[in-house]
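# Structural features, examined
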Amino acid sequence: MPPPATDPALPPLEQRYLLLTFIPYYVDARGGVWLDRLWHHDFVEHLRYLSDVVLAAPSYPRREGPDDLVRLEAPDGVTLSFVPLPHLETTPQAVRNLPALVTAVWRAAGDSAIVHSGVAGWPIPVGWVGNAVAMLRRRRLVIVVESAPWRPSTGDETARQHVRALIYEALARFFVRRADVSFFTQPDYLESLAGDRRAGCYVTPATWIREEDILDEAAAERGWEAKRARPVRLLFAGRLVAEKGVEVLLAALERLEAQGTSARVDVIGAGPLEARCREASRALSTVALRVQEPVPYGEPFFERLRAHHAVLVPNLGDEQPRIVFDAYAQAVPVIASDTDGLRPHVDDGETGWRVRPGDVIALADAIGRATDEPATLERMGRAARERAPRFTHRGMHESRWRVLVERFGRSATRP
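Residues numbered from 1 in each chain as written. Predicted model: local features only at pLDDT ≥ 70, side-chain atom pairs only at ≥ 80, totals over all residues. Heavy atoms only, no water.

### With respect to the overall build of the protein chain
- Each helix and strand counted, the protein chain has 13 helices and 16 strands in total.
- Its C-alpha radius of gyration of 22 Å places the protein chain within 12% of the 22 Å reference for a compact globule of 415 residues.
- For the protein chain, the spread of C-alpha atoms along the principal axes amounts to about 70 × 50 × 50 Å.
- The buried share of the protein chain, reckoned over its 415 residues, is 54%.
- By sequence separation, contacts in the protein chain at least 24 residues apart represent 74% of the contacts at least 6 residues apart.
- Summed over its atoms, the accessible surface of the protein chain is roughly 18300 Å², and 51% of this surface lies on carbon and sulfur atoms. (Helix = DSSP H or I, 4+ residues; strand = E, 2+ residues; numbered from the N terminus. Rg over C-alpha atoms; globule rule 2.2 N^0.38 Å. Buried < 20%, exposed > 50% of the residue type's maximum accessible area, 1.4 Å probe, protein only. Contact = heavy atoms within 4.5 Å. Areas by Shrake-Rupley, 256 points an atom, 1.4 Å probe, with all protein chains shown as cover.)

Here's what the structure looks like:
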């Protein structure tokens, strides 16, 4: 079911809220806590409606973190504490540290009223431990399902990977059907994991955009006016892995090249297929393929995005990519795979085009059509911008806020 409408006057929850994640935090020499910039962007929204938060995650020295760390500061009136979890980076390490993980989560859950967890991760999902502990200790359990990376997507999975997928799927269903509240980023996750259960299950699409990131009508007009004077250029922005449809995209461009069809495509990202993309950029001539370095999320990324006429999202898996809403905020339509994660948000012919996942011919045809129809892209981009305000990052959190208040009440006696 969709989450209830947002009420900005909602009170914060006063229960101690244990947020369990595999995303690490970093500690400096003075005890200050730092988060990856995008995780910080998301985490601080939780502090608007949770007044007593325990973050349980792997901990590392700050010097071992990425360059874009942001110091975490608790707002006035918010109690914030941390539980360092053992590292689970490899299978042997995960097996060796499993008893310590169970002990740490058991203790943290014992002093909390609500446990916030998940169902994904590798090699051992932290959520499996958190969910089991919450059930055993009779704590309220909140599960967020953002993606199902265990599900086959490329067709190249081994027998071992298929067996692993069966185990992950079964445990995901088991935990979701026993949680007090489950949030899903797309309807199919709810349907496939929750089954007949609907109480406590809500769809809240994942998005990063802020209200101020969305172009107003005048800015959208200026952007499209500038693009009318330039040839159509399309953008792929994401991890350069098979699951994102990178090989399908390159095959589509090679097909256009063989047909003598000109097209202009930029690829921004990093990953194991980067060398393959750069090789293709050198081999293609009629098709102009540029491979560019990633830029920071925020205005640098949005500036790059809105310079393009459309965004390519040829995903093979069923996840719900945030890039769709990033594009909409900049009045840019999308050419996307017709997957469960994308179908609810891409209205074919209105805010973009959908093509069959993995269909090289269909994707090539859509790229060729986009090159020939800039006016259609502009129309769809304008319609996409009008949808963007429905999908802000703050709006996503406010939807969860209302659900938590309605399900659990503002306060409760702590264990």
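### As for the pattern of salt bridges
- Enumeration according to the criterion identifies 34 salt bridges in this entry.
- The salt bridge partner of R151 is D318, with a shortest N-O separation of 2.8 Å. Placement of R151 in the loop between β8 (140-145) and α4 (159-176) and of D318 in the loop between β14 (310-313) and α10 (323-329) is noted, with a sequence separation of 167 residues between them. Across the pair, D318 and R151 agree in class, each one buried.
- A salt bridge links D213 to R210, with the nearest nitrogen and oxygen atoms 2.9 Å apart. (Salt bridge = Lys/Arg side-chain N within 4 Å of Asp/Glu carboxyl O.)

### Considering the packing of helix α6 (residues 217-228) against helix α12 (residues 374-387)
- Between α6 and α12, the shortest axis-to-axis distance is 11 Å and the interhelical angle comes to 165°. The pairing of α6 with α12 is recorded here as roughly antiparallel in orientation. The hand of the α6/α12 crossing is right-handed. Judged by residue contacts, E217, A220, E221, W224 and R228 of α6 engage P374, L377, E378, G381, R382 and R385 from α12.
- Looking at side-chain class alone, the contact of α6 with α12 contains four nonpolar, one polar and six charged residues. (Axes fitted to C-alpha atoms, helices over the stretch in contact; angles between N-to-C directions. Parallel < 35°, antiparallel > 145°, perpendicular 65-115°, else oblique. Left-handed = near helix turned anticlockwise from the far one by under 90°. Nonpolar A, V, L, I, M, F, W, Y, C, P; charged D, E, K, R; others polar.)

### Some points on the nonpolar core
- L85, I143, V145, W150 and F184 are the most contacted members of the largest nonpolar core, which totals 40 residues.
- No other element matches helix α2 (residues 91-110), which puts six residues into this core.
- Among residues more than four places away in sequence, those in contact with W150 are V119, A120, A165, Y168, E169 and A172.
- A220, L240, A252 and A364 belong to the second-largest nonpolar core, a separate cluster that totals 37 residues. (Core = buried A, V, L, I, M, F, W, Y, C linked by side-chain atoms within 4.5 Å.)

### Here we look at helix α9 (residues 299-306)
- All of the buried residues in α9 are F301, F302 and L305. Along the axis of α9, the buried residues cluster in a sector spanning 95°; they form a single face.
- Contacts made by the buried residues of α9 are with β11 (234-237), β14 and α10. (Arc of directions from axis to C-beta.)

### So, the pairing of strand β3 (residues 33-36)
- In the sheet, strand β2 (residues 25-27) pairs with β3 via two bridges, with the strands oriented antiparallel. For V27, the partnering residue across the bridge sits in β3 and is V33.
- Between the antiparallel neighbours β2 and β3 lie five residues, among them G31 with a positive phi of about 90°.
- One ladder, built from three bridges, connects β3 with strand β5 (residues 69-71); its direction is antiparallel. Paired with W34 across the strands is R71, a residue of β5. (Pairing = 2+ DSSP bridges.)

### Observations concerning the packing of aromatic side chains
- Here the structure, examined in full by the defined rule, presents 13 aromatic pairs.
- Their ring planes at 20° and their centres at 5.5 Å tell us that Y49 and W401 sit as a pair that is stacked. With a gap of 352 residues between them, Y49 in the loop between α1 (37-46) and β4 (52-61) and W401 in helix α13 (residues 393-408) connect regions that are remote in the sequence.
- Ring centres 6.1 Å apart and planes at 40° place the aromatic pair F183 and Y202 in the tilted group. One end of the pair, F183, is in strand β9 (residues 181-184); the other, Y202, is in strand β10 (residues 201-203), with 19 residues separating them in the sequence. The exposure classification of F183 matches that of Y202, with both residues buried.
- Through a chain of ring-to-ring contacts, the aromatic side chains of W128, W150 and Y168 assemble into a single cluster.
- Positioned above the aromatic ring of W34, the side-chain terminus of R62 is 3.6 Å from the ring centre. (Phe/Tyr/Trp six-rings, centres within 6.5 Å; stacked < 30°, edge-to-face > 60°. Lys NZ or Arg CZ within 6 Å of the ring centre and 35° of its normal.)

### Observations concerning the side chain of T376
- Mapped onto the secondary structure, T376 falls in helix α12.
- A residue is classified by how much of its surface remains accessible, and T376, at 19% relative accessible area, is buried.
- Of note is the side chain of T376, whose polar atom sits 3.0 Å from the side chain of E373. (Polar contact = N/O pair within 3.5 Å; in protein donor to acceptor, adjacent residues only side chain to side chain.)

### Brief notes about helix α11 (residues 360-372)
- Taking 1.5 Å per residue, 13 residues should reach 18 Å; α11 reaches 19 Å between its end C-alpha atoms and fits that length.
- Listed in full, the buried residues belonging to α11 are L363, A364, A366, I367, G368, A370 and T371.
- The distance from a side-chain oxygen at the start of α11 to the backbone nitrogen of I361 is 3.2 Å, and the residue carrying that oxygen is D359. (Expected span 1.5 Å × (residues − 1).)

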